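Secondary and tertiary structure notes
Chain residues, written in single-letter form:
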Amino acid sequence: MQRKKTKLNWIDALVVLSIAIFVIVIVRRVESVLNYTWDWSKIVPFFIYVDRETGEWTKNLMIEGLLMTMRLAVYGIVASAIIGVVMGLCRISSNLFLRMVARSYVELVRNTPPLVFIFIFYFFLSTQLMPVLGIEELARSDSPTVQWLIRILCGDPVLFSNFISGLVCLSIFEGAYITEIVRAGVQSIPRGQWEAGKAVGLSGFDVMRSVILPQAVNRIAPPLANQFITLIKDSSIVSLISIQELTFMAVEVGVSTSRIFEIWILTAAMYFVICYACVLFFNWLERRAARARR
Amino acid sequence: MQKPIIKLRGVCKLFGQFQALYDVSFDVKLGERVVVCGPSGSGKSTMIRCINRLEEHDSGEITVDGIELTEDMENILSVRREVGMVFQQFNLFPHLTVLENLVLAPMRARKLSRTEAEKTAMEYLERVRIPDQASKYPAQLSGGQQQRVAIARSLCMKPKIMLFDEPTSALDPEMIKEVLDVMIELARDGMTMIVVTHEMGFAKTVADTMVFMDHGRIVEVAPPSTFFTSPKSDRTQLFLSQILSH
Ligand SMILES: Nc1ncnc2c1ncn2[C@@H]1O[C@H](COP(=O)(O)OP(=O)(O)OP(=O)(O)O)[C@@H](O)[C@H]1O
Ligand SMILES: [Mg+2]
C-alpha cells in the first residue's frame, strides 16, 4: 500500500505560488484591459443595510436569495428523496405497470436537458396544475396565520405558487436520479438475502423492510449525499423560471450595479459554503453510522 | 399407511427453454430423512427450492402438510413457515447480530414477543453449541459457526420440515463435521429432513431414503442399504463409484 504524503514539499509550494501569481495577473488584466475598477463596497448594501427609518440592520436581495436557495435545498432534498424512494421501489416492483411508469419517468427526465424539462414542466404546472390544486387561493388567503406560515416557510406569499412550481420541477428532476440510486442500491443486495428472508417465512414487505433496505441504505448513502449536493447546485436552474433564489438575485444585482465580477464571485462563494457545509455534514453522518455499525 | 407430509406429482420446471425438472413425483412421510444426490446440474436444488416455492413449478402438483402450492400468497407463506431451509452460502443477514438473525422471523411472522423469541433463540443456539456467539455479527464467525447459526435460525420458526441444500459444500473440511453433527442430532430428534449432499457417510448414518437425480429426473429411490450395495440403475452405479472413490 502506498503511504499518503502528510507534508507539502517545495514543489507543492511552487505550484501554489504560480497559481497565486496567475490569479493576480488575471485580476490586473481585468482592470487594465476591460477598464474595470473593483469596488466591493457598492454591492454590500445588496446583502445587508441599515434601514433609514428604523435604524436596524435589514437583509436585502442577496440574503433573501440565499434563504430562498436554502429553502429550495431543504424541501427539494426531502421531496426528491421521497419521490426517489417511491419510484425506486416501483422500478423493481413485480408489477409490470409500476415498473413501466417508473422507467418512463426516469428515462424522460434523464434524456431531456434540465432546462428544457423545467420550461415545459413549469408552464404546464403553473398554468394548469397550480389553479387546480388551489395553491393560488391558499396564497391569497386572508387568514394571518396562513400568510405568516407561508412567509416563514416559503418567502413572499405573492410568489408562493411560483415557488411551489419551481420546487416541484426541481424535485421531480432530481427525483429521477435518486430513483436510479435507490434501484441500484436495492439490486446490489445479493439474491440470497431475499431467499433467506422468504425461506424463514417473512412476507415480501417484511423482507424488504427488515433485510434488504437496512443493507441497501449503507450503499445508497454516499451517492445519495452526492445527489443532494448536485440538487443544491442545480437549484440555480429555477432562476430561469423567475424563482427569486440566489442566482436570480445575482443576475438582478449584477445588472443594476454592473459589479459583475464581484457579485458572481460572492455568489459562487455562497454556493460553495452551503454545499461544502453539506459535504461535511454528510461525512459526519457517514462516520457516525459507521461507528454505530461496529 | 402414513399420509405423506410432502407430495410431488408430475412436477416440471422450466428456466426459459431449458427444462430443469421432468415429471418429478415423490413423497416424504412425517419424520422421514431423505438424502438427495446426483451430478451437478441434475436439478437437486431446483427440486427442493420448489418445495418452499423459491422456484415456481410450471406444471404438476406440490402439496406440503396438506397445503397445495399455488399462486396464493397466503398458502405460500404458511408453507414457508412450516419449512425451514439451509443454504450452501448460509445467507445470514449481515447487518443483524446472531440473536437478531434468529428472532426476526419469529417476531414478524409468528408475532412472538421479543422475550419469547429470544428465549427460543437461545435454546436453539445452545443446541447448535454456540450460545456464546449470540451478540456477534455473522462476519465475525467461522463458516461452520455461520452455518450452525443458519440452522438455528430456521429452527426458531419451529418448522415441521427442514430442507438442506449442500449445507457443507462451502465449508473447510475441518468445519464440516461440526455442522453434520448438528444435523445428525436433528435427525435423531425426529425432524423431517430433505438433504442435498455429497457426504455419503452422513447419508448412510441418517437417511431413511436415498434419492438419485440425473438430468432433471428422479432416477432411483431406495433405502440406503440397497442404494449403496445394489443400485438398480447404471447411472446411479457410475455416480456412486465416482463419488465413493475419493
Ligand atoms: N435461475 C436459473 N436460470 C436458468 N437456469 C437455471 C437457473 N437455476 C438453475 N438452472 C439450471 O437448471 C439446472 C439444474 O440446476 P440445479 O441448481 O437444480 O442443479 P443442482 O443439481 O442443484 O446442481 P449443483 O450440484 O451444481 O448445485 C442446471 O442446468 C442449471 O443451469
Ligand atoms: Mg445445487
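Residues numbered from 1 in each chain as written. Chains lettered and ligands numbered in written order. Predicted model: local features only at pLDDT ≥ 70, side-chain atom pairs only at ≥ 80, totals over all residues. Heavy atoms only, no water.

**Some words on the overall build of chain B**
Let me state the cut-off plainly: Each helix is a run of DSSP H or I of at least 4 residues and each strand a run of E of at least 2, with the numbering of both proceeding from the N terminus. The size measure is the radius of gyration over C-alpha atoms, and the globule rule it meets is 2.2 Å times the number of residues to the 0.38 power. Throughout, exposure labels follow a simple rule: accessible area from a 1.4 Å probe, protein chains only, divided by the maximum for the residue type, with under 20% read as buried, over 50% as exposed, and the rest as partly exposed. Residue contacts follow a heavy-atom distance rule, with two residues in contact if any of their heavy atoms lie within 4.5 Å. To measure how exposed things are, a 1.4 Å probe is used in the Shrake-Rupley method; for residues, cover is taken only from the protein chains shown. In this charge count, Lys and Arg are treated as positive and Asp and Glu as negative; neither His nor the chain ends contribute. Throughout, a charge is located at the NZ atom of Lys, the CZ atom of Arg, the CG atom of Asp or the CD atom of Glu.
A count of helical and extended segments in chain B gives nine helices and ten strands. The C-alpha atoms of chain B give a radius of gyration of 18 Å, which matches the 18 Å a tight globule of 246 residues would have. The dimensions of chain B, computed from C-alpha atoms along their principal axes, are 50 × 45 × 40 Å. Each of the 246 residues in chain B was classed as buried or not, and the buried ones make up 56%. Relative to all contacts within chain B whose residues are 6 or more apart in sequence, the contacts with residues 24 or more apart total 64%. Put simply, chain B shows about 10,800 Å² of open surface, and 49% of that area lies on carbon and sulfur atoms. The positive charge centre, built from 29 side chains, and the negative charge centre, built from 32, are 2 Å apart in chain B.

**Observations regarding helix H3 (residues 98–109) of chain B**
An α-helix turns once every 3.6 residues. As a result, residues three or four positions apart point the same way. The buried count for H3(B) comes to nine of twelve residues, which makes it a mostly enclosed element. Burial in H3(B) covers these residues: B:Val98, B:Leu99, B:Asn101, B:Leu102, B:Val103, B:Leu104, B:Ala105, B:Pro106 and B:Ala109. Looking at the buried side of H3(B), the elements it contacts are helix H9 (204–234) of chain A together with helix H2 (73–82), helix H4 (114–127) and helix H5 (143–155) of chain B. Following H3(B) by one or two positions, B:Lys111 has its phi on the positive side, about 60 degrees.

**What about the environment of B:Gly216?**
All names here are of chain B. With respect to the secondary-structure elements, glycine 216 resides in the loop between strand S9 (209–214) and strand S10 (217–222). Spatially, the C-alpha atoms of glycine 216 and alanine 20 are 5.1 Å apart, while their sequence positions differ by 196 residues. Not counting residues within four places of it along the chain, the set of residues in contact with glycine 216 comprises Ala20, Leu21, Tyr22, Val24 and Ser42.

**Examining the interface of chain A and chain B**
When the parts of a complex come together, some accessible area is lost, and that lost area is often used as the size of the interface. Quick note on the threshold: Put simply, buried area is the surface a 1.4 Å probe can reach on two separate parts but cannot reach once they are joined, added for both. Salt bridges are counted wherever a side-chain nitrogen of Lys or Arg sits within 4 Å of a carboxyl oxygen of Asp or Glu. Polar contacts here mean pairs of N or O atoms no more than 3.5 Å apart (in protein, one a potential hydrogen donor and the other a potential acceptor; neighbouring residues in sequence count only if both atoms are side-chain atoms). Side-chain classes follow a simple rule in which Ala, Val, Leu, Ile, Met, Phe, Trp, Tyr, Cys and Pro form the nonpolar group, Asp, Glu, Lys and Arg form the charged group, and the remainder, Gly included, forms the polar group.
The partner chain B presents 21 residues to the 19 residues of chain A that form the contact. Across the chain A to chain B interface the summed buried area is about 1,700 Å²; carbon plus sulfur atoms make up 60%. Considering only the side of chain A, the residues that lose the most area to chain B are A:Glu195, A:Ala199 and A:Val200, jointly responsible for 31% of the buried surface there. Summed over the shared surface of chain A and chain B, the result is one salt bridge. In this structure, B:Arg49 engages A:Glu195 in a salt bridge whose closest nitrogen and oxygen atoms are separated by 2.7 Å. Between chain A and chain B we count five residue pairs in polar contact (both at pLDDT 80 or more) in total. Of all elements in the fold, only helix H8 (191–199) and H9 of chain A reach the threshold of two or more residues within the side of chain A that touches chain B. A total of eight residues in the side of chain A that touches chain B trace back to one element, the largest contributor, which is H8(A). Taken together, the residues of the side of chain A that touches chain B sort by class into six nonpolar, seven polar and six charged.

**Details of the site of ligand 1**
Residue and element names in this part refer to chain B. Put simply, the test is: Being near a molecule or strand, for a residue, comes down to having at least one heavy atom within 4 Å of it.
Around ligand 1, a shell composed of Phe15, Phe18, Ala20, Pro39, Ser40, Gly41, Ser42, Gly43, Lys44, Ser45, Thr46 and Glu166 is seen. In the environment of ligand 1, an oxygen atom lies 2.6 Å from a nitrogen or oxygen atom belonging to the side chain of serine 40. The contact in question runs from an oxygen atom of ligand 1 to an N or O atom on the side chain of lysine 44, over 2.8 Å. Alone, ligand 1 offers 630 Å² of accessible surface; in the complex the protein occludes 62% of this. Elements that contribute at least two residues to the shell around ligand 1 include exactly strand S2 (18–29) and helix H1 (44–51). When residues of the shell around ligand 1 are assigned to their parent elements, the largest contribution, three residues, is made by H1. Grouping the constituent residues of the shell around ligand 1 by class yields four nonpolar, six polar and two charged.

**Points about the sheet that holds strand S3 (residues 33–37) of chain B**
All names here are of chain B. Counted only if it meets this: Think of it this way: DSSP has to see at least two bridges between two strands before they count as a pair. Lines fitted to C-alpha atoms define the axes, with helix axes restricted to the stretch in contact, and inter-axis angles between N-to-C directions lie between 0 and 180 degrees.
The strand order across the open sheet formed by six strands is S6-S7-S8-S3-S9-S10, and the pairing between neighbours is mixed. Strands at the two margins of the open sheet, each flanked by one partner only, are strand S6 (83–86) and S10. Taking each pair of neighbouring strands and ignoring which way they run, the sheet shows an average axis angle of 15 degrees. The pairing of S6 with strand S7 (residues 161–165) spans four bridges and is classified as parallel. Bridge pairing in S7 places valine 83 opposite isoleucine 161. Strand contacts of H5: S6 and S7, with the helix running at about 170 degrees to S6, the strand carrying the most contacts. The strands touched by helix H9 (residues 234–245) are S3, S9 and S10; relative to S9, the strand with the most contacts, the crossing angle is about 100 degrees.

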